[in-house]
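Here's the letter readout for the chains.
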Amino acid sequence: MLKRILMILVLIELAMCSSTSNTSTGSRSVADNEGYTPGGNVQAAWKQGCPKEQKASKGPTDGRFTIGIGNKRLMYGYPSPRSTSFFVFKVGQKLASNNASFCEATYISGTEEIDYYSGISIVKFSFLDFEIEQYLIPTDDKLEHVTTEISPKYYRVEYNIINKSKTNQPVSLAVLIDTMIDDNDGPKVAVYTKAKNDFTLMPEEVSFSGENIPKGILLYQSGTDNTKLTGNVILKEEGNSPDEWLIGSWPYFNSLAWGIVTRDERYLDGAILMRWNDKVLNVDQSSNFFFHYGISNQSKEGLDVLLNDNNITEKASQVSNYEKNAIALTDEQKQSIDDSFQAIKGLKITGVTIEGYADAKGDDKINEIISQKRAAVVKDYIMKKHNISKELIIVKPMSSSAARKKEEDLLNGNPNDRKVIMSIATKEKSADQDKSTVITKKNFKSNAEKAQSCTFIYKNSQRKIGKLIKMKSNTVTANIDNKIVEINKKELKTISFSLK
C-alpha cells in the first residue's frame, strides 16, 4: 500500500501549483539565486586564490574522521576512509580549518600519532602561535577509556588548544559533524535533557545556547526505535558543553566557515554544528573542548574510527536529461554512467556518492521522493553492472535544494535541474603485501602476542623488554627476565613491538 501511495504522489507532481513551492517550509538553498550549488560559492573563491596565513601547519593528514560499526555508518563516509566533517579554529578575527573549501579560513593539516595499545589517535596542528591537538579516544558506554581489545561504544572527540604566543588571546572552536546512520543521510534527530527515553524530535533547523543546551542528541536510522541502529552525541559532560549547538542542513552549514545561524526550515541532509565561543587563553595556558559520539543501543560489535586517506581522489560526473517525473535510466544515461567507470579503470574504488536532484516545480516532499528514486535507480545499476559493493555507496536525495528558482523555473521546472550527480572516490591499487605485518587497532592484540619481543612502557617512563604471553581486559601477562609477571594495565602507557 505504501509503495502505491508513493507512486501516486510521484505521478501528481505536474498537478502541483507553483505557489506551493513559494510557501513551503521545505529545504532551501542559502540564496534563491540561479544555479546555486551548496558550497559552490566558497569553493569558487578558493580556486581564485585567497589570502592565507603563512604560520600554519602543512602535514600529511587533515585529521578529518569518520566513525562506524562493522560496515554501517554513524557518520558520512564510513567504511571508506574519507570524511566531510571538520573543525574551524578562531583566534581573534582569524580563522583556520581542516576543510580546504573555505576562502575565509586558512587551511591547516597536521601529523598523526596512533597509540594502537590504547586505541587513541592524535593529530597535531599549528596556527599562528597556537597548537591544536585533536584526540579520538575510545570509551565504553560509561565514557571511560577502553584499550584496543575492548569494543568501544563511543569516541571522545577532544581538541586541546595551547597558547604559545606572547599575549593572552580569545579563542573559539566550531566542529561540524556530517551525520549519517547506515544508509540514511537525513536521520531523524531528537534531543534529550535528562534520559534518552524522554526525547523531542527536531524535524526543522534549530539552535540551542547557554543553559538550554541539551544533554544529548539521538540520530535514528528509521523511526524512533532505539533498539535499532541509533547514534548518540553526548554534549553536557564535565561542564564542557558547547556555547551553541545547531541542527540543520549539511549543504547550508558547510557553506560558511563561521557565523552560520539556523533558519527554522525543514532539512534533508542533516548535520550537527557545535561552537565554543571566545575563551581567553593566557600565555602558555591550554584548554580543551570535547564531546562524545557513539552508539546509543546495545551491540556486540565495537566502533571504529577512520581518518581521511589523502591518497583518495574524487571525480564527479552528471547523469542528466531526465524528463519530468522520470526515474528509470535511458540507454544514453546508462552509457554515461559506464563511461564514468571506464575512465577510472585500473584504480581501486573506495566509495561512490550518488546525489539525486529534482527541479523547483511542485512540492518539496514530492520532489524529495523523486530525487531519492533517481539516485536509488543509479545505485542499483552500478551494483549490478559494475559490481560495486552496497556498503561503499552513499545515496543522497537532494530534492530541489540546488534548483533554479526564478518564476519560470517554479512554474515549469528547469530541465537542467533534473539530474543525478555521481562522485567516484578512487586510489591507486597498492602492491600486494603481507597483511599480517600491517598493525592496526583491530589486530594489535593478536600480533602483540605473536611478537618475539615487546617493549613495555610504563606511565612512569620505565621500560622493560620481554615476551607478551596474554593480554586480558585489565591485566597483561608477560615473561620479563625469565619471570612470569602480571602487570596491571593502569600502570602501562603502551606496548611496542615489531614483527620483523
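Q: Help me understand the pairing of strand S10 (residues 169-177) in this model?
A: Put simply, side chains in a regular strand alternate between the two faces of the sheet. Counting buried residues along S10, seven of its nine residues qualify, which places the element largely inside the surrounding structure. Examined bridge by bridge, strand S3 (residues 86-91) and S10 share six bridges and lie antiparallel to one another. Residue Val88 lies in a different strand from S10, and its bridge partner there is Ala174. Where S10 lies against strand S17 (residues 270-281), eight bridges are found, and the strand directions are antiparallel. Along S17, the bridge assignment pairs Val171 with Lys279.

Q: Help me understand the pattern of salt bridges, please; the structure alone is not making it clear to me.
A: When their charged atoms lie close together, side chains carrying opposite charge are able to pair. Applying the stated criterion across every chain, the model contains 15 salt bridges. Here Glu314 ties to Arg82 by a salt bridge, and the two come within 3.5 Å at their closest N and O atoms. A residue pair is termed long-range when its members are at least 10 positions apart, and Glu314 in strand S20 (residues 313-319) and Arg82 in the loop between strand S2 (72-73) and S3 qualify at 232 residues.

Q: I would appreciate a short explanation of the sheet that holds strand S12 (residues 199-201) in the present structure.
A: By way of backbone hydrogen bonds, the strands of a sheet pair with one another, either parallel or antiparallel. Ordered in space as S6-S7-S8-S9-S18-S15-S14-S11-S12, the nine strands form an open sheet in which the pairing is antiparallel. Two strands bound the open sheet, and with one partner strand each, they are strand S6 (111-115) and S12. Direction aside, neighbouring strands of the sheet carry axes that sit 20° apart on average. As judged from the nine bridges shared by strand S9 (residues 154-163) and strand S18 (residues 286-295), these two strands associate in the antiparallel manner. Counterpart to Glu158 in the pairing with S18 is Phe290.

Q: Would you mind going over the sheet that holds S17 with me for this structure?
A: Across the sheet, seven strands lie side by side as S5-S4-S3-S10-S17-S16-S13; this open sheet has mixed pairing. Where the open sheet ends on each side, the last strands, each with one partner, are strand S5 (106-107) and strand S13 (206-209). Relative to strand S4 (residues 94-97), S3 is paired through four bridges, and the arrangement is antiparallel. Across the sheet, Val88 pairs through a bridge with Ser97, a residue of S4.

Q: I'm lost on the packing of aromatic side chains in this one. Help?
A: Remark: the centre distance and the inter-plane angle together describe each pair of aromatic rings, the angle taken between the planes. If you walk through the whole model with that rule in mind, you get 12 aromatic pairs. An angle of 70° between the planes, with centres 5.3 Å apart, marks the rings of Phe86 and Phe102 as edge-to-face. Of this pair, Phe86 sits in strand S3 while Phe102 is found in the loop between S4 and S5, placing the two residues 16 residues apart along the sequence. On the basis of an interplanar angle of 75° and a centroid distance of 5.2 Å, the ring pair of Phe87 and Phe125 is categorised as edge-to-face. With Phe87 in strand S3 and Phe125 in strand S7 (residues 120-127), the pair connects residues that are 38 residues apart, well separated along the chain. One exposure class covers both Phe87 and Phe125, and it is buried. Residue placement shows Arg263 over the ring face of Tyr252; its charged tip is 3.7 Å from the ring centre. In this structure, Lys419 packs its charged tip against the face of Tyr357, placed 5.3 Å from the ring centre.

Q: Explain the side chain of Thr179 to me, please; I cannot follow it from the model alone.
A: Following the sequence through the fold, Thr179 ends up in the loop between S10 and strand S11 (188-192). Among the polar contacts listed, one links the side chain of Thr179 to the backbone oxygen of Gly270, at a separation of 3.1 Å.

Q: When you look at the side chain of Asp62 in this model, what are you seeing that I'm missing?
A: Position of Asp62 relative to the elements: it lies in the loop between helix H3 (40-48) and strand S1 (65-69). Summary of buried charges: Asp62 has no salt-bridge partner, and the nearest side chain of opposite charge, Arg64, is 4.5 Å away. One polar contact links the side chain of Asp62 to the main-chain amide nitrogen of Arg64, over a distance of 3.0 Å. Beyond its immediate stretch of four places on either side in the chain, Asp62 contacts Asn98, Tyr107, Ser109, Phe125, Asn308 and Asn310.

Q: What exactly am I supposed to notice about helix H6 (residues 364-385) here?
A: Helical geometry note: an α-helix holds 3.6 residues per turn, so side chains three or four residues apart project in the same direction. In this model H6 runs 31 Å from its N-terminal to its C-terminal C-alpha over 22 residues, within 8% of the 32 Å that 1.5 Å per residue would give. Every buried residue of H6 is accounted for by Asp364, Ile366, Asn367, Ile369, Ile370, Ser371, Arg374, Ala375, Val378, Lys379, Tyr381 and Ile382. Measuring from the backbone nitrogen of Lys365 back to the side-chain oxygen at the start of H6 gives 2.9 Å, which picks out Asp363 as the cap. Directly after H6, the chain includes Asn387, whose backbone phi takes a positive value near 55°.

Q: Would you take a moment to explain the packing of helix H5 (residues 331-343) against H6 for this structure?
A: Two measures define how a pair of helices packs: the angle their axes make with one another and the distance between the axes. Axis separation between H5 and H6 bottoms out at 11 Å; the angle between their running directions is 55°. One finds that H5 runs oblique with respect to H6. Note that H5 runs across H6; the crossing there is right-handed. Facing H5, whose interface residues are Lys334, Ile337, Asp338 and Phe341, H6 presents Val378, Tyr381, Ile382 and Lys385.

Conventions we followed
- Residues numbered from 1 in each chain as written.
- Predicted model: local features only at pLDDT ≥ 70, side-chain atom pairs only at ≥ 80, totals over all residues.
- Heavy atoms only, no water.
- Buried < 20%, exposed > 50% of the residue type's maximum accessible area, 1.4 Å probe, protein only.
- Helix = DSSP H or I, 4+ residues; strand = E, 2+ residues; numbered from the N terminus.
- Pairing = 2+ DSSP bridges.
- Salt bridge = Lys/Arg side-chain N within 4 Å of Asp/Glu carboxyl O.
- Axes fitted to C-alpha atoms, helices over the stretch in contact; angles between N-to-C directions.
- Phe/Tyr/Trp six-rings, centres within 6.5 Å; stacked < 30°, edge-to-face > 60°.
- Lys NZ or Arg CZ within 6 Å of the ring centre and 35° of its normal.
- Polar contact = N/O pair within 3.5 Å; in protein donor to acceptor, adjacent residues only side chain to side chain.
- Lys, Arg positive; Asp, Glu negative; His and termini not counted.
- Contact = heavy atoms within 4.5 Å.
- Expected span 1.5 Å × (residues − 1).
- Parallel < 35°, antiparallel > 145°, perpendicular 65-115°, else oblique.
- Left-handed = near helix turned anticlockwise from the far one by under 90°.

None of this, on its own, says anything about what the molecule does.
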